Amino acid sequence: KYMTTILIVGAGFSGAVLARQLVDNNPDIYIDLIDERDHIGGNAYDYTNKHGIRIHKYGPHLFHTNNEIVWNWISRYDEWVEYRHKVKALLNDGRYVTLPVNKETKEIVGEENVIKTFFAPYTYKMWGKTIEELDPGIIKRIPIRDDDNELYFPNDKYQFLPKDGYTAVFDEILSHKRITVSLSTPYERQMESAGYAHIFNAMPIDEYFNYKHGELPYRSIKFHNVDLPLKKVLPSTVVNFTHDGPYTRMTEWKNMAAHGENNQWTSLTYEEPCDYRDNNMERYYPVKDIAGDNKRTYKKYKEMVKPNMTFIGRCGMYAYIDMHQAINSSLQTATKYLGEQ
């Protein structure tokens, strides 16, 4: 019987979902899945620390979507518990106010101060650019409200966290006899001559082409973890800072559902955005500049891709996508590929 082996580069959501969807829908497909990191899960990787508290190594990952197809697919793996995310901002006078900005927050800081209090300092720290230099779509991600809503994702039907953590979800997704996972294995050009029927590649597309058209810029984040001998510190899972220091926000992990119990200790992570070159080339956020230069550079790279390779994921598509969007994109990519066989 004719068998097809496919190489997938990257064991995050884009690669793992694609791998499972392909083998589940074609009994002749075999997958070699590689990742240069020493763990599966990509940026959604999590672990339990010495205090029994679950930490997301690359910052908080919150699953939320209105896409029923995506929810039905991912909820088959592990048990999921409902969790409604709340965020506060810490003002310079020590008061906590709700984000996204609601009626009460607006009254406390004054509507005329909303942009300069919450958006301008955060934006500059996060992107290294002023608000005026960025694509307006980034600001639109966080609307200003006229009600007393306290939820961060008030309009999303499905808001859950995996009971045993994201790493356990990936273990289940990749637990299939026709999926072989190799970690600490970076992509190498000679893999292209190994006879793979197709290569789905989540590595940075500019790196793959040796930066022929220049580097695509990314923002990165340095994560600073701290354990404190206190039961609880923050009034919400995440608190954003409004000061002009280098840090953007802090997460208290046990405030999330199914993230551990400990009466004596709490674990927090605060975030320091930076250029990816200042953080071991860890690429997290593609930069959407208002002139669109980065998108044009990406399109030049995309035009160079051979027919037997498809770039996937944030770095492969140079797009800011959430988990549910990564899942949806990979389900569609699998459907397209299977339809062409």
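Structural data are supplied above this passage.
Everything numeric in this text was worked out from a predicted model, so none of it was measured. (Residues numbered from 1 in each chain as written. Predicted model: local features only at pLDDT ≥ 70, side-chain atom pairs only at ≥ 80, totals over all residues. Heavy atoms only, no water.)

## Thoughts on unusual backbone geometry
Of note, the amide linkage connecting Leu 99 to Pro 100 takes the cis form, showing an omega dihedral of -5°. Considering the arrangement of structural elements, one finds Pro 100 in the loop between strand S8 (96-99) and helix H3 (103-109). Unusually for a residue other than glycine, Asp 78 sits at a positive phi of about 65°. Along the chain, the position of Asp 78 falls in the loop between helix H2 (68-74) and strand S6 (80-82). Residue class for Asp 78 comes out buried when judged on its relative accessible area of 13%. (Helix = DSSP H or I, 4+ residues; strand = E, 2+ residues; numbered from the N terminus. Buried < 20%, exposed > 50% of the residue type's maximum accessible area, 1.4 Å probe, protein only.)

## Structural notes on the packing of aromatic side chains
Taken as a whole, this structure holds 24 aromatic pairs when the rule is applied. Ring centres of Phe 13 and Phe 170 lie 4.7 Å apart, and the angle between their planes is 55°; this geometry places the pair in the tilted category. Of this pair, Phe 13 sits in helix H1 (residues 13-25) while Phe 170 sits in helix H6 (residues 166-173), and the two are 157 residues apart along the sequence. Judged on exposure class, the residue Phe 13 and its partner Phe 170 are both buried. Where Phe 223 meets Tyr 284, the ring centres are 6.0 Å apart and the plane angle is 50°; that geometry is what we call tilted. Of this pair, Phe 223 sits in strand S12 (residues 218-228) while Tyr 284 is found in the loop between strand S15 (266-275) and strand S16 (285-286), placing the two residues 61 residues apart along the sequence. The cationic tip of Arg 37 hangs over the ring face of Tyr 58; the distance from NZ or CZ to the ring centre is 4.1 Å. (Phe/Tyr/Trp six-rings, centres within 6.5 Å; stacked < 30°, edge-to-face > 60°. Lys NZ or Arg CZ within 6 Å of the ring centre and 35° of its normal.)

## A closer look at the packing of H1 against H6
Running from amino to carboxyl end, H1 crosses H6 at an angle of 30°, the nearest separation of the two axes being 10 Å. Considered as vectors, H1 and H6 are oriented roughly parallel to each other. Considering the relative orientation of H1 and H6, their crossing is left-handed. Between H1 and H6, the residues in contact are Phe 13, Ala 16, Val 17 and Arg 20 and Tyr 166, Phe 170, Glu 172 and Ile 173, respectively. For the contact of H1 with H6, the residue count by class is 6 nonpolar, no polar and 2 charged. (Axes fitted to C-alpha atoms, helices over the stretch in contact; angles between N-to-C directions. Parallel < 35°, antiparallel > 145°, perpendicular 65-115°, else oblique. Left-handed = near helix turned anticlockwise from the far one by under 90°. Contact = heavy atoms within 4.5 Å. Nonpolar A, V, L, I, M, F, W, Y, C, P; charged D, E, K, R; others polar.)

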